[in-house]
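Now for the letters of each chain:
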Amino acid sequence: MLRNGTYYRRRINIESSGMNTDPLQDIPDIEDIHLAHARIRPLVRVTPVINDPGLDDDLACRLYCKCENLQRAGAFKFRGACNAVLTLDEQGIEGDLATHSSGNHGAALALAARLAGRTAHVVMPDNSSAIKIESVRNFGGQVHFCEPTHESRRAGLEELVATGKTAVHPYDNAAIIAGQGTAALELEQEVPSLEKMITPLGGGGLVSGTAIATRAWGVEVFGVEPAGAADTVLSLERGKIVDSYEPDTIADGLRAIVGQRNFHVIRKRVSRVLTVSDEDIREAMVLFWRRTKMLIEPSSATVIAAIRNHPELFGGRKVGAVVSGGNIHPADWVDLTGNRPPA
């Protein structure tokens, strides 16, 4: 509901760090996603939904792509970051912010923080892509490098929090999940008769937000991980989140271990988590460019690869896909795909 120009949650307190409360007591619902949508609307882009007949023929389905590669900061992450920062404003929590990220969340939080008169400090693996490091800095963020392990990222964030900065976890955070769910909300509102929905899956913020957003419509939701970073698949097999996982994939945005809130939602509401190889991802990047003339990063291409690999699930169906980001340099795109520079 709305009070004095501010959107308030009725039930769940969005806790900023994702580290100090019982996460399963702090999971957003569809109302929270609608509130997030109203809250962030002045700042985010309502990205286009495209349908390409040639891509439909290639994938043997009717595919509607929500182009979050055209979102501010180049990825869907800006939705969750905006919602988290604006929620902190509403709660009267001031000061600098801290997070860890391979790039897209860091850049999104840096921009959202700058718009709110704050500074974001981002712990990034020292092997992060140059374009993503530059993006964080261009939006006013302060980069703190760490070793490329989950433990180092967490430790770096804890050090920043110890200096008084407020943590905004990149995916295991109720405000982030609610914000990411607004992409699916817009997609479903524009194409209301979707039968299936698919998103990339790294830490799980996008797919869990999507599952919550689409539950009332009865849409079947799928997540997709690279085979070299399939920690969620392994966690589902074991019935609990794996303690550690060493990812090996070109999809740098999907190397995180799934979060607790996210895993809970995935177990309850996501039909299946699929995996694709790096070669599948490369081929999907090329296919998407040939049909749409848009360069997307490897993480985004996982959804195209999964649809292509699973005609038994998606063939002949009306499918919605979140194209999660486009933060890739053309030269890196060429190196990864082995194709000629895009015209």
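Residues numbered from 1 in each chain as written. Predicted model: local features only at pLDDT ≥ 70, side-chain atom pairs only at ≥ 80, totals over all residues. Heavy atoms only, no water.

**Description of the environment of Lys268**
Logical step 1: Along the chain, Lys268 turns up in helix α10 (residues 260–269).
Logical step 2: For the pair formed by Lys268 and Tyr245, sequence separation is 23 residues and the distance between their alpha carbons is 23 Å. (Helix = DSSP H or I, 4+ residues; strand = E, 2+ residues; numbered from the N terminus.)

**Observations concerning the pattern of salt bridges**
Logical step 1: According to the stated counting rule, one finds 15 salt bridges in the structure shown.
Logical step 2: Note that Arg261 is salt-bridged to Asp26, the shortest N-O span being 3.4 Å. Of the two residues, Arg261 sits in helix α10 while Asp26 sits in the loop between β2 (6–7) and α1 (30–40), which places them 235 residues apart along the sequence. For the pair shown, Arg261 and Asp26 are each scored as buried.
Logical step 3: A salt bridge links Arg291 to Asp58; the nearest nitrogen and oxygen atoms lie 2.7 Å apart. (Salt bridge = Lys/Arg side-chain N within 4 Å of Asp/Glu carboxyl O. Buried < 20%, exposed > 50% of the residue type's maximum accessible area, 1.4 Å probe, protein only.)

**Remarks on the confidence of the model for the protein**
Logical step 1: Overall, the predicted model of the protein reaches an average pLDDT of 92, with 93% of residues at or above 70.
Logical step 2: Considering only residues more than four positions removed or in separate chains, one finds that residues 1–20, a stretch of pLDDT under 50, has 52 contacts. (pLDDT = per-residue confidence, 0-100. Contact = heavy atoms within 4.5 Å.)

**Details of the environment of Cys61**
Logical step 1: Here Cys61 shows up in the loop between α2 (53–59) and β4 (62–67).
Logical step 2: Judged by relative accessible area, which is 5%, Cys61 ranks as buried.
Logical step 3: With 250 residues separating them in the primary sequence, Cys61 and Pro311 have C-alpha atoms 8.3 Å apart.
Logical step 4: In this structure Cys61 touches Asp56, Ile307, Phe314, Gly316, Arg317 and Val319, once residues within four positions along its chain are discounted.

**Concerning the sheet that holds strand β8 (residues 166–167)**
Logical step 1: One open sheet holds the four strands; their spatial order is β7-β6-β5-β8, and the pairing between them is parallel. Edge strands, defined here as strands with exactly one partner in the open sheet, are β7 (142–146) and β8.
Logical step 2: Note that strand β5 (residues 97–100) and β8 share two bridges and pair parallel. Residue pairing in the sheet places Leu97 in a bridge with Thr166 of β8.
Logical step 3: Against the sheet, helix α4 (residues 104–115) contacts β5 and β6 (120–125), and its axis sits at roughly 170 degrees relative to β5.
Logical step 4: Against the sheet, helix α6 (residues 150–162) engages β5, β6, β7 and β8, with an angle of about 160 degrees to β6. (Pairing = 2+ DSSP bridges. Axes fitted to C-alpha atoms, helices over the stretch in contact; angles between N-to-C directions.)

**Looking at the sheet that holds strand β11 (residues 272–276)**
Logical step 1: Judged by pairing direction, the sheet is mixed, and its six strands sit side by side in the order β3-β4-β12-β9-β10-β11 without closing on themselves. Only two strands of the sheet have a single partner each, and these edge strands are β3 (49–50) and β11.
Logical step 2: The pairing of β4 with strand β12 (residues 318–323) spans six bridges and is classified as parallel. Bridge pairing in β12 places Tyr64 opposite Gly320.
Logical step 3: Contacts from helix α7 (residues 174–190) reach β3, β4, β9 (196–200) and β12 within the one sheet, and its direction differs from that of β4 by about 135 degrees.
Logical step 4: Across the sheet, helix α9 (residues 231–238) lies against β10 (220–226) and β11, angled at about 140 degrees from β11, the strand it touches most.

**Quick word on helix α8 (residues 205–214)**
Logical step 1: In terms of burial, α8 is a largely internal element, ten of the ten residues being buried.
Logical step 2: Within the span of α8, buried status applies to Gly205, Leu206, Val207, Ser208, Gly209, Thr210, Ala211, Ile212, Ala213 and Thr214.

**A closer look at the nonpolar core**
Logical step 1: Within the largest apolar cluster, 37 residues are counted, with the highest numbers of intra-cluster contacts made by Leu63 and Ile198.
Logical step 2: The element that contributes the greatest number of residues to this core is helix α11 (residues 278–292), accounting for seven residues.
Logical step 3: For Ile198, the contacting residues outside a window of four places in its chain are Phe222, Val224, Leu274, Val303, Ala306, Ile307, Phe314, Val319, Gly320, Ala321 and Val322.
Logical step 4: Residues Ile40, Cys82, Val85 and Val168 belong to the second largest nonpolar core, which totals 27 residues. (Core = buried A, V, L, I, M, F, W, Y, C linked by side-chain atoms within 4.5 Å.)

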